[in-house]
Amino acid sequence: MTTTGKSSARPTSGTRAGAAATGRGSGRRRGFTVVGLLLTLALVGGWLYLVYGSSVFAADDVQVVGAKRVPAKQVEAAAAVPLGTPLARVDLDQIEAQVLRLPRVHTVVVERAWPDTVRITVTEREPVAVVSRNGAWWVIDEEAVVLATTRKRPKLPELDVANPNPQDAATRSALAVLDRLPTKLGARVRSVSADTPDSVELNLPRSVVVVWGSADASAKKARVYRALRKVQPRGKVYDVSTPDTPTVTER
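Treat the numbers as computed from the prediction; the structure is a model and nothing was measured.

*Asks:* Give me the lowdown on helix α4 (residues 169-180), citing residues and values where you can.
*Replies:* Across its 12 residues, α4 extends 17 Å between first and last C-alpha, which sits within 8% of the 16 Å expected from 1.5 Å per residue. Residues of α4 that are buried include every one of Ala170, Thr171, Ser173, Ala174, Leu175, Ala176, Val177 and Leu178, and no others.

*Asks:* Provide a residue-level description of the pattern of salt bridges, including the pertinent values.
*Replies:* Across all of its chains, the model carries six salt bridges by this definition. The shortest N-O distance in the salt bridge between glutamate 126 and arginine 69 comes to 2.8 Å. Separated by 57 residues along the polypeptide, glutamate 126 in the loop between β3 (117-124) and β4 (129-133) and arginine 69 in the loop between β1 (61-65) and α2 (72-79) bring together distant segments of the chain. Its relative accessible area of 42% is what places arginine 69 among the partly exposed residues. Across the pair glutamate 143 and arginine 125 runs a salt bridge, and its minimum N-O distance is 2.9 Å. Of this pair, glutamate 143 sits in the loop between β5 (136-140) and β6 (146-150) while arginine 125 sits in the loop between β3 and β4, and the two are 18 residues apart along the sequence. Three or more residues are tied together by salt bridges with common partners; here these are Arg125, Asp141 and Glu143.

*Asks:* Describe helix α6 (residues 218-231), and please don't skip the residues or the numbers.
*Replies:* Look at α6: 20 Å from first C-alpha to last across 14 residues, which is about the 20 Å you get at 1.5 Å a residue. Ser218, Lys221, Ala222, Val224, Tyr225 and Leu228 are the residues of α6 that are buried. Taken end-on, α6 shows its buried residues confined to a sector of 165°, consistent with a single buried face. Across from the buried face of α6, at angles greater than 90 degrees, the exposed residues are Lys230 and Val231. On its buried side, α6 packs onto α4, α5 (183-188), β9 (200-204), β10 (208-213), β11 (235-239) and β12 (247-250).

*Asks:* Outline the side chain of asparagine 165, supporting the account with residue identities and numerical values.
*Replies:* Structurally, asparagine 165 is set in the loop between β7 (158-160) and α4. A polar contact is formed between the side chain of asparagine 165 and the backbone oxygen of asparagine 163, at a distance of 2.9 Å. There is a polar contact of 3.1 Å between the side chain of asparagine 165 and the backbone nitrogen of aspartate 168. Among all residues touching asparagine 165, those that are not within four sequence positions of it are Ala144 and Thr171.

Conventions we followed
Residues numbered from 1 in each chain as written. Predicted model: local features only at pLDDT ≥ 70, side-chain atom pairs only at ≥ 80, totals over all residues. Heavy atoms only, no water. Helix = DSSP H or I, 4+ residues; strand = E, 2+ residues; numbered from the N terminus. Expected span 1.5 Å × (residues − 1). Buried < 20%, exposed > 50% of the residue type's maximum accessible area, 1.4 Å probe, protein only. Salt bridge = Lys/Arg side-chain N within 4 Å of Asp/Glu carboxyl O. Arc of directions from axis to C-beta. Contact = heavy atoms within 4.5 Å. Polar contact = N/O pair within 3.5 Å; in protein donor to acceptor, adjacent residues only side chain to side chain.

Laid out in structure tokens, this is it:
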């Protein structure tokens, strides 16, 4: 009788060598991966330090754009840019808020201009009218913000309303009309008055009055007024408050 026994499979020398080679290959790959990761981290860390921690990209210059009536040095002083600070760490929002405190600055945009400059672009408030108060003239913009005071009247229309201020509806309406007038007509306005937002009147040379009404449809009203002046140049009161049905009162 023949007895069959279980034979245990033993790895040959070739099999063992292949497994060892595979293990060494995997180990090398893991090593390369770790080294690559460390190099990447070192590069990123070095770059972050270069940008955020070193003086290589520090703020060394301030560039002011758009300033005409406001001296550039005044803008720079208000901005108080921390020169020498890494450009990436300069607080642009804070600089913007500081520059906006200047009365003549309407809007401001602050940007980083690499490698070392903070660029400040301002839009100034434009004077559109004057208000007589206590022996002086207040120069105001289209939002009734006081830009300056002077003893001598500037060559600007006088705003004649009961309570001139940015919250007053009649003030806002009168200034809106001035802001929308064609250049030629705007240059002829001596004063603008309004009891209510819908009762704006323009006072021109030679006692000519233009009843404008509200600021709505100002472009159309200007065209109608221009046409009426050609047809009836001796008019004294031109009412264009309803531009589809204007009227003229002659002298």
